[in-house]
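Residue-level structural notes
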Amino acid sequence: MDGFDLLKRYIEQTLKIQCGNYKEDYIKRRLLSRMRSTNAADYNEYLRYLKANPPELEVLRKALTINVTEFFRDGDVYDVLRKEVLPNLFAKRKRLRIWCAGCSTGEEPYSIAMIIHEMMAQNKELSGQIFATDIDKVVLAKAQEGIYTQKAMAKLSESQIHRHFTKLADGNYQVKDHLKELIRFRPHDLMSGTPISRWLDLITCRNVTIYFTEKQKDDLARLFHGALVSDGYYIMGKTEYLGRQVENLFVAKNSVQKVFVKKE
């Protein structure tokens, strides 16, 4: 077994990150970045460095599971959610089931929860349940805690901050319980072949599949298709796309914002 394979095995055993779930060149680019930072000449030397310096494991985890997220990231997508997707779904049923896959540190599910809570305030019959999942239990714990810095609040209005957050003594902000009650955070591996639930009305999986192989992307699209109700929505990241093998499973409702509806 060569150095790269040995290093991958060690990563899978210690960090519980399945390297096979990512493109090989992506893994190699992330590793090369850390090797340069630690002056490791090759994979074997970096493996020795990892074993001798446990703090590097957490640095490597962050490098491999890039978690770039923010509240209401790509605002146009949330405009479509607020004005079209959620009203269309609520017109058919009063309680929605939503899966936010690859939720990272929680900004996305909390953003969706804010919209749903505002709609619930206007119509007491409406309610929603958001399943927020990620393979990384460290970021998932942060999401569940729901504490964010003042910098993280940049895209939120004063009224949103006042309504949905409590300012803490250290200057950070904590999500209020009325939003937390709408969300269930759970660890989940998107490559497991099993959805977090079924009969879902909406699935968002944004800026996650860019690290996957074409086959993995197609398998995931099939998984989402099977988990959605007949008129359920699937929203992906702006730079992501449906492969030719699975594009017949969905109908584009907004091709710019990558909003699709399940096709039977």
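Bear in mind that the values here come from a model prediction, so they are computed numbers and not experimental data.

A closer look at helix α6 (residues 107–122)
Residues that lie three or four places apart on an α-helix share one face, since the helix turns once every 3.6 residues. Its 16 residues place the ends of α6 23 Å apart at the C-alpha level, agreeing with the 22 Å of an ideal helix rising 1.5 Å per residue. Counted residue by residue, α6 has 12 buried out of 16 residues, so it is predominantly covered. The complete set of buried residues in α6 reads Glu107, Glu108, Pro109, Tyr110, Ser111, Ile112, Ala113, Met114, Ile115, Ile116, Met119 and Met120.

Observations concerning the sheet that holds strand β7 (residues 200–205)
Across the sheet, which stays open at both edges, the seven strands sit in the order β6-β2-β1-β7-β8-β10-β9 with mixed pairing between neighbours. A strand with exactly one partner marks an edge of an open sheet, and here the two such strands are β6 (183–187) and β9 (250–254). Neighbour-to-neighbour, the strand axes of the sheet open up by a mean angle of 20°, direction not taken into account. Relative to strand β2 (residues 127–134), strand β1 (residues 95–101) is paired through seven bridges, and the arrangement is parallel.

Describing the environment of Arg36
On the secondary structure map, Arg36 appears in helix α2 (residues 24–37). In sequence terms Arg36 and Gly75 are 39 residues apart; their C-alpha atoms lie 36 Å from each other.

Some remarks on the environment of Ser104
By the element assignment, Ser104 lies in the loop between β1 and α6. In this structure the C-alpha to C-alpha distance between Ser104 and Leu140, which are 36 residues apart in sequence, comes to 6.3 Å.

Let's talk about the domain arrangement of the protein chain
Quoted interface sizes are often the accessible area lost when the parts come together. The domain architecture assigned to the protein chain consists of domain 1 (3–64) and domain 2 (75–262). Between the C-alpha centres of domain 1 and domain 2 there is a distance of 30 Å. On the side of domain 2, 11 residues touch domain 1, which itself brings eight residues to the contact. Broken down residue by residue, the surface that domain 1 buries against domain 2 is led by Asn21, Lys23 and Arg61, which jointly contribute 60%. Put simply, domain 1 and domain 2 have one salt bridge between them. A salt bridge links Arg61 to Asp136; the shortest N-O distance between them is 3.6 Å. When grouped by side-chain class, the residues that make up the side of domain 1 that touches domain 2 number two nonpolar, three polar and three charged.

Comments concerning the side chain of Lys262
Checked against the element boundaries, Lys262 lands in strand β10 (residues 259–262). From its side chain, Lys262 meets the backbone oxygen of Leu228 in a polar contact 2.8 Å long. Look past the residues within four positions of Lys262 in its chain and what remains in contact with it is His225, Leu228, Val229, Ser230, Gly232, Leu249 and Phe250.

What to know about α2
When the terminal C-alpha atoms of α2 are compared, their 20 Å separation across 14 residues agrees well with the 20 Å that a helix rising 1.5 Å per residue should span. Within α2, burial applies to Tyr26, Ile27, Leu31, Arg34 and Met35. On its buried face, α2 is in contact with α1 (3–15), α3 (43–52) and α4 (55–64). At the C-terminal side of α2, Asn39 shows a positive phi close to 60°.

Rules and cut-offs
Residues numbered from 1 in each chain as written. Predicted model: local features only at pLDDT ≥ 70, side-chain atom pairs only at ≥ 80, totals over all residues. Heavy atoms only, no water. Helix = DSSP H or I, 4+ residues; strand = E, 2+ residues; numbered from the N terminus. Expected span 1.5 Å × (residues − 1). Buried < 20%, exposed > 50% of the residue type's maximum accessible area, 1.4 Å probe, protein only. Pairing = 2+ DSSP bridges. Axes fitted to C-alpha atoms, helices over the stretch in contact; angles between N-to-C directions. Domains from an automatic or database assignment. Contact = heavy atoms within 4.5 Å. Buried area = accessible area lost by both parts, 1.4 Å probe. Salt bridge = Lys/Arg side-chain N within 4 Å of Asp/Glu carboxyl O. Nonpolar A, V, L, I, M, F, W, Y, C, P; charged D, E, K, R; others polar. Polar contact = N/O pair within 3.5 Å; in protein donor to acceptor, adjacent residues only side chain to side chain.

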